[in-house]
Amino acid sequence: MSGLQASTLTRKATPDHFPQWVLYCAAGIIAFSLISVGLVRITGNGPDQKAATPTVQRSLVFQDHHDGGVRVVDGLTGKTLTVLHGEQGFVRGTLRALTRERYSRGIGSELPFELIARVDGRVTLFDPSTGQRVDLESFGPTNTGEFARFLAMQPE
């Protein structure tokens, strides 16, 4: 073997080193993000957590009807606004989510929900008995309209 070949065979390969400063910067960014999000959630100062001023608010009670429909009752007067028949998938799904929380806490269905229209155009269905809320505009204008019509509806 020549001297050049022997030296290349005996020389150990040095491992690649990733720059540690990159890891420290990445860890700093991740820590800053987690702390920032945590503070916003804890303090309630996030843009999605500040509710705009209500323009219209109505108490509504939703009752299962004997024929499978859902009776919508004004929570203040006790008068029937309408009876929903058929699928009504979005309305039923939203109510199912809120009533599931009520039943898990042992709260009945006789307490009204609050339907709130806000200055910024948002519509919220709020359950004062559990503190749960559904921001309806998150599901698009058609689904928001399914609930927004109850705000101006007169008793039958």
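Right, let's walk through the structure included here. A quick note: this is a predicted structure, and the numbers were derived from the prediction, not measured.

Now for the side chain of threonine 80. Position of threonine 80 relative to the elements: it lies in strand S3 (residues 80–84). For threonine 80, a relative accessible area of 19% puts it in the buried group. Side-chain polar atoms of threonine 80 contact the side chain of arginine 71, separated by 3.4 Å. Residues within four places of threonine 80 in sequence aside, it is in contact with Arg71, Val72, Val73, Pro155 and Glu156.

Attention now goes to the pairing of strand S5 (residues 123–127). Along S5, 4 of the 5 residues are buried, which leaves the element largely enclosed by surrounding structure. As paired elements, strand S4 (residues 113–118) and S5 share 4 bridges and run antiparallel to each other. Opposite leucine 115, over in S5, you have leucine 125 as the bridge partner. Connecting S4 to the next strand, S5, in antiparallel fashion are 4 residues, including glycine 121 with a positive phi near 95°. The sheet contact formed by S5 and strand S6 (residues 132–135) spans 4 bridges and is antiparallel. When the bridges of S6 are listed, leucine 125 appears paired with valine 134. Hairpin connection from S5 to S6: 4 residues lie between these consecutive antiparallel strands, with glycine 131 at a positive phi of about 85°.

Moving on, we get to the packing of aromatic side chains. Counting across every chain of the model gives 6 aromatic pairs. Measuring from centroid to centroid gives 5.9 Å for phenylalanine 62 and phenylalanine 113, while their planes differ by 55°, and the two rings are tilted. Of the two residues, phenylalanine 62 sits in strand S1 (residues 54–64) while phenylalanine 113 sits in strand S4, which places them 51 residues apart along the sequence. The buried category is assigned to phenylalanine 62, whose relative accessible area is 9%. In this structure phenylalanine 113 comes out as buried when scored by relative accessible area, which is 2%. Of the aromatic side chains, those joined through ring pairs into one cluster are Phe62, Phe90, Phe113, Phe139, Phe147 and Phe150. Just above the ring of phenylalanine 113 sits the side chain of arginine 102; from NZ or CZ to the centre is 4.0 Å.

The rules behind each value
The numbers attached to residues start from 1 for each chain and follow its sequence in the written order. The model is predicted, so local features are restricted to residues of pLDDT at least 70 and side-chain atom pairs to those at 80 or more, both for listing and for counting; the totals for chains, interfaces and linings are taken over all residues. The basis for every side-chain value is the complete set of non-hydrogen atoms in the structure, without hydrogens or water. By the criteria applied, helices consist of DSSP H or I runs no shorter than four residues and strands consist of E runs no shorter than two, each listed in order from the N terminus. Burial classification: accessible surface area is computed with a 1.4 Å probe over protein chains only, and a residue below 20% of its type maximum counts as buried, one above 50% as exposed, and the rest as partly exposed. Side-chain atoms alone can form a polar contact between residues adjacent in sequence; in general such a contact is a pair of N or O atoms within 3.5 Å, and within protein one must be able to donate a hydrogen while the other accepts it. Should any heavy atoms of two residues lie within 4.5 Å, those residues are considered in contact. Two strands form a pair only when DSSP identifies at least two bridges running between them. The pairing test for Phe, Tyr and Trp rings, Trp by its six-membered ring, is centres within 6.5 Å, and the orientation test on the planes gives stacked under 30 degrees, edge-to-face over 60, and tilted for anything in between. Ring-over charges, as used throughout, are those where CZ of Arg or NZ of Lys falls within 6 Å of the ring centre and within 35 degrees of the ring normal.

Remember that the coordinates give geometry; whether it matters functionally is a separate question.
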